[in-house]
Amino acid sequence: MAEYKSFAKEEGFAPDAVPDITPYIDENLEKLRQSEKQNIQDQFTVDKQRATELGSSLKQLGNLSKTAGKFIFDREMEYRDRETAKIEQERYAEYIQNPEGFVDDLFEEQVAEVQELNKATEDLGGETYLRTGNHEVAKQVRELSGWREIRTARIDLALASQYYESYLGKQLLGNKSITDQKTRGAAIEKARAAFMKQFQLDKGFSDDMLGTHLYPNQMKLHAKLMKEGAALDQQSENFVEVTEATTLFEDDLDLASLVNTLANTYDEQGKLLGRGRGFDKAIEHIGKMFQAGTLSADQLEAIKGQEMPGMNGKTYGEMKGTQFENLTQKLASEERANNEAIRAQNHEEAKLLVDEYMDKYRSGDVIPTVKDVEELQKRYRQLSGGKESAELTALTKDTASAATVAEANARFENLYLAGILTPDMVLAIPSLKVHQKWLPLATQLHKARSAAVKTEHKALDELVDTTPGLSATVDGKRGFESVMIKAELKGEFDRRLSELIRSNPSGGVTPELVNQALAETKALYEQGVNNPNSIYFFDTSNPKPGFKRYRNRLAGSATAEQVEQSRNRLVEATQSLQTHGVEALDMPGEILTAKDFEVMDKALQKPGFVMPGIISYVASETGLLPLEVIRRQREALDLPPLPIPPSLQSVENKLTPTAQALLNKYSSVDRSRRGLSQIREFDSSIVPNGYGPKIQEAATKYNIPVGILTGLIEQESGFKPRAVSSAGAMGLAQFMPRTAEQMGVDPYNPDSAIDGAGKYLRHLMDNYGFDLKTAIYAYNAGPRNIQKYGIGATTENKNYYPNIIKHASKYGYGVEALNDPAIMRPLFGSS
């Protein structure tokens, strides 16, 4: 080791003690280390903050980039869609320009070749399966030809073509932007483009395939819709022109201007009226103004005095004298009819007074006296223009009359023995003696005919049903002969019971009397079944066993003679019209007799009146309205005016003359429907059997168009409340038992059935998401079947909605029906 050598000592510096500076050095070093560490930490914090900020910026940039990318992608897809649609529209336009040259000449031939090749691959696939047993391999072999893709495309396009008709109609229906042919064509093209895009028909199909299986049908559909639209536009414009012209005429009474405008309008067939028919229309409007009281007789004369253009100063009255004379006669005739209507109203009021008095009399509320009856008769004469009430005349003669009592006693004797005398019949005679004698017997008889003998009547039914040899018909019911024999037998029982009651000292109905009458009646039948001279004789030797004598009696009253009489009558009416022309209607009994009108008057008071065939025939031959035929024949016979039923009043008041002509001159269902379709509002009076108000109530309640609901009920049952279908559907609305139970409907109760029909349609819409049209189809097929198989799975269901809309067009739904492309337009199979 080297020896220590002190340089300080040598230099003369030798302190006693040298201080230790190591701790200070260490402290300074530690401070230096801490400072360096702090500097590093501070720098890390700064760097971390910068990194975070940079990361956030990069993230935001990334999001911005993603958003921009999506925007660019969406714009690209939108552009592609537009370009695809544009290309498809160009393809369709190219097809329109050249339908024959659009499809490759060899296309069908190539398809046929593929189909032939498919037959070979089908056979090869079958052989492959037999050899390998591998279904997948065999399937691949069968599909080698490519026919499957062609077949699928053809099916898809065929279905699309079928659906396009209803799709396009729905798009155009209610489109308020359609005002003319230009806007209609634009709407059709827009709807077609939307259809092609919605169902992806604008891609995936070749031009040849589209030009063969889709474009032709679309082009035909568009052409027909445009043609029909043009006709509708023409009629709409025509209506406006006529309305404006007639309104202006009512202000200035310028006949020349009115005729000129009407001459340049069109009729319902789209034909120009011309000056002749234009003048007829003007005369017709003048007549309506006169009827409405907006035109006076002086004004009519002033119109006749106006100069007719191009006639060298001659007036309309001079040049068109015949037409104005016809108008004058028609107005005079209508005036007479109006006066007759007033007289008829007074007569009806008089009749009502008599009816009320007779009702009180029959119910026992009043006892008639000669003075009272004469006073009422006097009032009747005042109201009816001097005529007398036959009922009051008879009552005057019979009141307190010995002859009346004698006649009543004789008549009641026969009625009682026949078992049909009723208390009402007795009370109708104003005689206390008659009441005392016959009322107790009639009351007892009435009771005997009611609940007391139901069991006995049933026993007689069973007696006939068990007749040896009497077999049931196919439907399980007895034939008509046996039904009538039962009625004969029960009538015999009632007569015998009446005699026994009358002979009973106590004057009452006892079980013993009932049993005796039943035993006697049964014995009569059992003996008569084997007696050829009895009405009850049952012939078993005939190939068709039956009640021979009753059958012969029916044969004696066959309708062959009646048919011959009807035929002769038609011939006579034709000959009379040929000989006398329309004047035949003014000859008493030439067409109709007083007896005919007696029957007709009764029928008119019942709902659903049908015009007799002879009247419709004469109306069609003469060009007159049926009511005019009736009116003139009644006048010729000196009969009072005919009370017009509400249904005919609706036709007269609400239909145009053209529509009335369709109804009167042509008897086909379609012509009548088109005529009635012009009634723009629902009229309950034309609904058969008085069901109109209830249908209207149900339609309002369930928010169903009233015409639709009426048409549905007509389609289902023809307004027959007891109708039963072969499938078991019941009543007016044809409810199946289960559906009726679910909806709480009594199918045979008309009010319940009508309400139930509206309720069920609303149920189908609210619970199955159906629109009204689909709900109507579901009403027929059932909602589950519609969901499973779709609309029109059966022929009946396919035609169901169109039939209902056609019916509905008669009940104020005509405008909607005409706008329904699937119903009333010729393109879609309207009649």
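Since the structure is predicted, the reported quantities are computational estimates derived from the model, not experimental observations. (Residues numbered from 1 in each chain as written. Predicted model: local features only at pLDDT ≥ 70, side-chain atom pairs only at ≥ 80, totals over all residues. Heavy atoms only, no water.)

*Asks:* Even after reading the chapter, I still don't get the overall build of the protein chain, so can you show me in this structure?
*Replies:* For the protein chain, the helix and strand inventory stands at 38 helices and zero strands. A total of about 50000 Å² of accessible surface is found on the protein chain, and carbon and sulfur atoms cover 53% of it. (Helix = DSSP H or I, 4+ residues; strand = E, 2+ residues; numbered from the N terminus. Areas by Shrake-Rupley, 256 points an atom, 1.4 Å probe, with all protein chains shown as cover.)

*Asks:* How should I be thinking about the environment of N797 in this particular structure?
*Replies:* If you trace the backbone, N797 turns up in helix α37 (residues 795-808). Taking the relative accessible area as the measure of exposure, N797 reaches 2% and is therefore buried. Placed 17 residues apart in sequence, N797 and N780 show a C-alpha to C-alpha distance of 6.5 Å. Among residues more than four places away in sequence, those in contact with N797 are Y777, N780, A781, I786, I791 and G792. A distance of 3.0 Å separates a polar side-chain atom of N797 from the backbone oxygen of Y777. Within the structure, the side chain of N797 is placed 3.1 Å from the side chain of N780, a separation counted as a polar contact. (Buried < 20%, exposed > 50% of the residue type's maximum accessible area, 1.4 Å probe, protein only. Contact = heavy atoms within 4.5 Å. Polar contact = N/O pair within 3.5 Å; in protein donor to acceptor, adjacent residues only side chain to side chain.)

*Asks:* What exactly am I supposed to notice about a negative patch on the surface here?
*Replies:* A cluster of like negative charges, contributed by D180, E237, E241 and E244, occupies part of the molecular surface. By the element assignment, E237 lies in helix α9 (residues 215-252). (Patch = residues over 30% accessible without salt bridge, like charges linked within 9 Å, V, L, I, M, F, W, Y side chains within 5 Å. Salt bridge = Lys/Arg side-chain N within 4 Å of Asp/Glu carboxyl O. Lys, Arg positive; Asp, Glu negative; His and termini not counted. Charge placed at Lys NZ, Arg CZ, Asp CG, Glu CD.)

*Asks:* How do you make sense of the pattern of salt bridges when you look at a structure like this?
*Replies:* A side chain of one charge can pair with a side chain of the opposite charge when the charged atoms of the two come close. Summed over all chains, the structure comprises 14 salt bridges. Here R277 makes a salt bridge to D267, at a shortest N to O gap of 3.0 Å. Placement of the pair is R277 in helix α11 (residues 274-292) and D267 in the loop between α10 (255-263) and α11, with a sequence separation of 10 residues. A residue is classified by how much of its surface remains accessible, and R277, at 36% relative accessible area, is partly exposed. As a salt-bridge pair, K304 and E301 come within 3.4 Å of each other at their nearest N and O atoms. In this pair, K304 and E301 both sit in helix α12 (residues 297-304), three residues apart, roughly one turn of the helix. Classification of E301 by relative accessible area gives partly exposed; the value is 47%. It is possible to trace a salt-bridge network through shared partners that takes in E88, E189 and R192.

*Asks:* Can you walk me through the environment of Y691 in this structure?
*Replies:* Looking at where Y691 falls in the secondary structure, it is placed in the loop between α30 (669-676) and α31 (692-702). Judged by relative accessible area, which is 12%, Y691 ranks as buried. C-alpha of Y691 to C-alpha of T710: the two residues are 19 residues apart in sequence and 9.0 Å apart in space. Among all residues touching Y691, those that are not within four sequence positions of it are F719, P721, L732, P750 and I754.

*Asks:* Where do I start with the packing of α31 against helix α34 (residues 750-768) in this structure?
*Replies:* A pair of packed helices is characterised by two quantities: the angle between their axes and the separation of those axes. Taken N-terminus to C-terminus, the directions of α31 and α34 make an angle of 25°; their axes are 9 Å apart at the nearest point. Between α31 and α34, the crossing angle belongs to the class labelled roughly parallel. Taken as a pair, α31 and α34 cross one another with a handedness that is right-handed. Residues K694, I695, A698, K701 and Y702 of α31 pack against D751, I754, D755, G758, K759 and R762 of α34. The class makeup of the residues in the contact of α31 with α34 is four nonpolar, one polar and six charged. (Axes fitted to C-alpha atoms, helices over the stretch in contact; angles between N-to-C directions. Parallel < 35°, antiparallel > 145°, perpendicular 65-115°, else oblique. Left-handed = near helix turned anticlockwise from the far one by under 90°. Nonpolar A, V, L, I, M, F, W, Y, C, P; charged D, E, K, R; others polar.)

*Asks:* Teacher, can you tell me more about the packing of helix α32 (residues 706-717) against α37 here?
*Replies:* Contact pair α32 / α37: the axes reach a minimum separation of 7 Å and the direction vectors enclose 115°. Two packed elements cross with a definite hand, and for α32 against α37 that hand is right-handed. Here α32 contributes G707, I708, G711, L712, E714, Q715 and E716 to the contact with α37, which in turn contributes Y800, N803, I804, I805, H807 and A808. By residue class, the composition of the contact of α32 with α37 is six nonpolar, five polar and two charged.

*Asks:* What's the story with the packing of aromatic side chains in this structure? I'm lost.
*Replies:* Both the distance between ring centres and the angle between the ring planes are used here to describe each pair of aromatic rings. Counted under the stated rule, the structure contains 20 aromatic pairs. A centroid spacing of 5.5 Å and a plane angle of 50° characterise the contact between Y95 and Y215, whose relative ring orientation is tilted. Of the two residues, Y95 sits in helix α2 (residues 22-97) while Y215 sits in helix α9, which places them 120 residues apart along the sequence. Residue Y95 is classed as buried on the basis of its relative accessible area, which comes to 4%. Taking the centre distance of 6.4 Å and the plane angle of 80° together, the rings of Y167 and F199 count as edge-to-face. With Y167 in helix α6 (residues 147-172) and F199 in the loop between α7 (181-198) and α8 (207-213), this residue pair connects regions lying 32 residues apart in the sequence. Here F199 falls in the partly exposed class, since its relative accessible area comes to 37%. Through a chain of ring-to-ring contacts, three or more aromatic side chains come together here, namely Y163, Y164, Y167, F195 and F199. Over the aromatic face of Y92 sits the side chain of R192, whose NZ or CZ is 3.9 Å from the ring centroid. Seen from the ring of F279, K320 lies directly overhead, with NZ or CZ sitting 4.9 Å from the centre. (Phe/Tyr/Trp six-rings, centres within 6.5 Å; stacked < 30°, edge-to-face > 60°. Lys NZ or Arg CZ within 6 Å of the ring centre and 35° of its normal.)

*Asks:* Just to check I follow, could you spell out the nonpolar core for this structure?
*Replies:* Soluble globular proteins tend to bury their nonpolar side chains together. Judged by nonpolar contacts, the single largest core of 41 residues is most densely connected at I695, L709, L712, F735, L761 and Y779. Those elements giving two or more residues to this core turn out to be α31, α32, α33 (737-743), α34, α35 (772-781) and α37. Among the elements that make up this core, the one with the highest residue count is α34 (seven residues). Setting aside chain neighbours within four positions, we find L712 in contact with A757, L761, Y779, Y800 and I804. Grouped together as the second largest cluster of nonpolar side chains are 30 residues, Y95, L157, L172 and F205 included. (Core = buried A, V, L, I, M, F, W, Y, C linked by side-chain atoms within 4.5 Å.)

*Asks:* Could you clarify how one ought to interpret α11 in this entry?
*Replies:* An α-helix turns once per 3.6 residues; consequently, residues spaced three or four apart project the same way. Along its 19 residues, α11 runs 27 Å from first to last C-alpha, staying within 8% of the 27 Å computed at 1.5 Å per residue. By the burial criterion, the buried members of α11 are G278, F279, A282, I283, H285, I286, G287 and M289. (Expected span 1.5 Å × (residues − 1).)

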